[in-house]
Amino acid sequence: MKAPAPRRPQDLWASMCSLTDTGFTPISEEEVRLFQSHSGAAPGQTVVDIGTGTGEWACEIARLGLAVAGYDSDGAVIEWAREVHTEHTARLHFARHDFTAGAIPASLRPGSADIVSCRHSLHLMDVPRLMTDIRRWLRPDGVLHVTTSVSDVRAAGFPDAQVRALAQGWREHHQYTVDPHQQVIAVVLRGPGG
């Protein structure tokens, strides 16, 4: 009996995107515009994209002229991202890394990032541990930009109380709605030192 062929990462992601309870939303031009406006993203800045998946969000950020390092624990989707997103190779880098289990990558030095982005991924991590690390990686005026569904189902996003708790210890914070149905929000935290 022949084993079934492994599914391609893009097929897995396509099936995930079709599920309404995953918290996934396709990237719109408006979402990119809102990210740039609210995070203060500017050409030449350095971004760390945690939970990058197949790299679409990281690629959108690179199109804005920012240098982006996209990390994901799934090696297959990282390989796929490297193969597909070749148009910004000078500004876009993908690496496999599990932030819930592994030591911090050597490239993530203290004060090395202007922006850390977690698009529909932070709720899947060890949040207290990762928040401590993110504070180290960011420059003094750096921004953590978290896009999430507000949900009591952990697999889909954060409960509202946990969204509010993210802002503790940051100098500035605000949130805005990403989608017209107000089911997805972005939380913008600036100034990791409080």
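For the structure itself, look to the data block above.
Scoring rules and cut-offs
Residues numbered from 1 in each chain as written. Predicted model: local features only at pLDDT ≥ 70, side-chain atom pairs only at ≥ 80, totals over all residues. Heavy atoms only, no water. Helix = DSSP H or I, 4+ residues; strand = E, 2+ residues; numbered from the N terminus. Buried < 20%, exposed > 50% of the residue type's maximum accessible area, 1.4 Å probe, protein only. Contact = heavy atoms within 4.5 Å. Areas by Shrake-Rupley, 256 points an atom, 1.4 Å probe, with all protein chains shown as cover. Polar contact = N/O pair within 3.5 Å; in protein donor to acceptor, adjacent residues only side chain to side chain. Phe/Tyr/Trp six-rings, centres within 6.5 Å; stacked < 30°, edge-to-face > 60°. Arc of directions from axis to C-beta. Axes fitted to C-alpha atoms, helices over the stretch in contact; angles between N-to-C directions. Parallel < 35°, antiparallel > 145°, perpendicular 65-115°, else oblique. Left-handed = near helix turned anticlockwise from the far one by under 90°. Nonpolar A, V, L, I, M, F, W, Y, C, P; charged D, E, K, R; others polar. Core = buried A, V, L, I, M, F, W, Y, C linked by side-chain atoms within 4.5 Å. Salt bridge = Lys/Arg side-chain N within 4 Å of Asp/Glu carboxyl O.

Chemist: Looking at this model, I keep getting lost on the overall build of the protein chain. Mind explaining?
Modeler: Within the protein chain, the secondary structure is distributed over six helices and eight strands. In sequence order, the secondary structure elements of the protein chain are arranged as α-α-β-α-β-α-β-β-α-β-β-α-β-β. Taking all 194 residues of the protein chain together, 48% fall into the buried category. Across the protein chain, the fraction of contacts at a sequence separation of at least 24, relative to all contacts at a separation of at least 6, is 66%. Only carbon and sulfur atoms are counted for the fraction: they give 54% of the accessible area of the protein chain, which is about 9,700 Å².

Chemist: Mind showing me how you'd approach the side chain of Arg-190 here?
Modeler: Along the polypeptide, Arg-190 turns up in strand E8 (residues 184-190). Note on Arg-190: relative accessible area 18%, which makes it buried. A polar side-chain atom of Arg-190 sits 3.2 Å from the main-chain carbonyl oxygen of Asp-141. Among all residues touching Arg-190, those that are not within four sequence positions of it are His-38, Ser-39, Gly-40, Asp-141, Gly-142, Val-143, Trp-170, Arg-171 and Glu-172.

Chemist: Where do I start with the packing of aromatic side chains in this structure?
Modeler: What describes a pair of aromatic rings is the distance from one ring centre to the other and the angle between the planes of the rings. Using the criterion set out here, one finds three aromatic pairs in the structure. Measuring from centroid to centroid gives 5.3 Å for Phe-35 and Trp-57, while their planes differ by 75°, and the two rings are edge-to-face. Of the two residues, Phe-35 sits in helix H2 (residues 29-39) while Trp-57 sits in helix H3 (residues 56-63), which places them 22 residues apart along the sequence. You can call Phe-35 buried: its relative accessible area is 1%.

Chemist: What should I look at first to understand helix H5 (residues 127-137) in this one?
Modeler: Three or four residues apart is the spacing at which side chains of an α-helix point the same way, because the helix has 3.6 residues per turn. Along H5, the residues that are buried comprise Val-127, Leu-130, Met-131, Asp-133, Ile-134 and Trp-137. An end-on view of H5 places all buried positions within 165° of arc, on one side of the element. If you follow the buried residues of H5, they end up packed against strand E1 (46-50), strand E4 (113-119), strand E5 (138-150), strand E6 (157-158), helix H6 (160-166) and E8.

Chemist: Can you help me understand the packing of H2 against H3 in this one?
Modeler: Any two packed helices are characterised by how steeply their axes cross, that is the angle between the axes, and by the distance between the axes. Between H2 and H3, the shortest axis-to-axis distance is 11 Å and the interhelical angle comes to 60°. Of the possible angle classes, the one that applies to H2 and H3 is oblique. Helix-helix and strand crossings are classified by hand; for H2 and H3 the assignment is right-handed. Residues Glu-31, Val-32 and Phe-35 of H2 lie in contact with H3, whose contacting residues are Trp-57, Glu-60 and Ile-61. Partitioning the contact of H2 with H3 into residue classes produces four nonpolar, no polar and two charged.

Chemist: How should I be thinking about the nonpolar core in this particular structure?
Modeler: Where a protein is soluble and globular, its nonpolar side chains tend to be buried together. Of all hydrophobic cores here, the largest spans 28 residues; its most connected members are Ile-50, Val-116, Leu-122, Ile-134 and Leu-144. Elements with a minimum of two residues in this core: E1, strand E2 (67-72), E4, H5, E5, H6 and E8. With five residues, the single largest contributor to this core is H5. Other than its neighbours up to four places away in sequence, Leu-144 contacts Val-116, Cys-118, Met-131, Ile-134, Leu-138, Trp-170, Val-187, Val-188 and Leu-189. Within the second largest apolar cluster, 24 residues are counted, among which are Ala-62, Leu-64, Leu-66 and Ile-78.

Chemist: Quick question: what am I supposed to make of the pattern of salt bridges here?
Modeler: Any two side chains of opposite charge can pair, so long as their charged atoms come close to each other. This model, assessed by the stated rule, comprises eleven salt bridges. We note a salt bridge from Arg-119 to Glu-31, for which the minimum N-O separation is 2.8 Å. Of this pair, Arg-119 sits in strand E4 while Glu-31 sits in helix H2, and the two are 88 residues apart along the sequence. Like Arg-119, the residue Glu-31 is buried in the burial classification. Connected via shared salt-bridge partners are Asp-141, Arg-171, Glu-172 and Arg-190.

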